[in-house]
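Chain by chain, the residues:
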Amino acid sequence: MKPIENRKDINVLVNAFYAKIRKDEVLGPIFNGHIEEERWPEHLEKLTDFWETNLFGVIKFKGNPTLKHINVDKNLNHTVEQKHFGIWLQLWFETIDELYEGELANKAKESARRMAHFQFMAMWNKRPVDAK
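Worth saying up front: this structure is predicted, and the values here are computed from it rather than measured.

**Considering the pattern of salt bridges**
And then number 1: Across all of its chains, the model carries 14 salt bridges by this definition.
And then number 2: Residue R7 is joined to E45 by a salt bridge in which the shortest nitrogen-to-oxygen separation is 2.9 Å. Placement of the pair is R7 in helix α1 (residues 7-23) and E45 in helix α3 (residues 40-56), with a sequence separation of 38 residues.
And then number 3: A salt bridge links E42 to R39, with the shortest nitrogen-to-oxygen separation between them at 3.1 Å.
And then number 4: Its relative accessible area of 48% is what places E42 among the partly exposed residues.
And then number 5: A single network of salt bridges, built from pairs that share partners, joins R7, E45, D49, E52 and K60.

**As for the nonpolar core**
And then number 1: Y18, W51 and W88 are the most contacted members of the largest nonpolar core, which totals 35 residues.
And then number 2: Listing elements by their share of this core, those giving two or more residues are α1, α2 (27-34), α3, α5 (82-99) and α6 (103-126).
And then number 3: With 8 residues, the single largest contributor to this core is α6.
And then number 4: For Y18, the residues in contact, after removing those within four places along its chain, are F31, W40, L44, L47 and W88.

Here is what the cut-offs are and how they apply
Residues numbered from 1 in each chain as written. Predicted model: local features only at pLDDT ≥ 70, side-chain atom pairs only at ≥ 80, totals over all residues. Heavy atoms only, no water. Salt bridge = Lys/Arg side-chain N within 4 Å of Asp/Glu carboxyl O. Helix = DSSP H or I, 4+ residues; strand = E, 2+ residues; numbered from the N terminus. Buried < 20%, exposed > 50% of the residue type's maximum accessible area, 1.4 Å probe, protein only. Core = buried A, V, L, I, M, F, W, Y, C linked by side-chain atoms within 4.5 Å. Contact = heavy atoms within 4.5 Å.

Encoded structure:
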């Protein structure tokens, strides 16, 4: 085990994690249904940018993850639940623990925990009243 030290380490983490996500029986259909096969390499680079910004403070990421999550929830008729984020977190923690240790590994876990809560609440708050 080693610490997360650079963008390459983040890219390894992101690719290993999303390989699990894409195969997961619950999350796989959601992610694979919203990201076309040929767009996955671009998406993984964008997610690497996101985590590089989050963990190292390098300003690379451009985008609006909250709007993306709200749109996915809308496309799924407002059926995204906390359990989906729970599975996402479980796989994220598992992947980090398989690959890395140390301060930035822990920071990646805590950041993901906060983000999962924030994204779910943002989606929930944007749902129509009859979908809550």
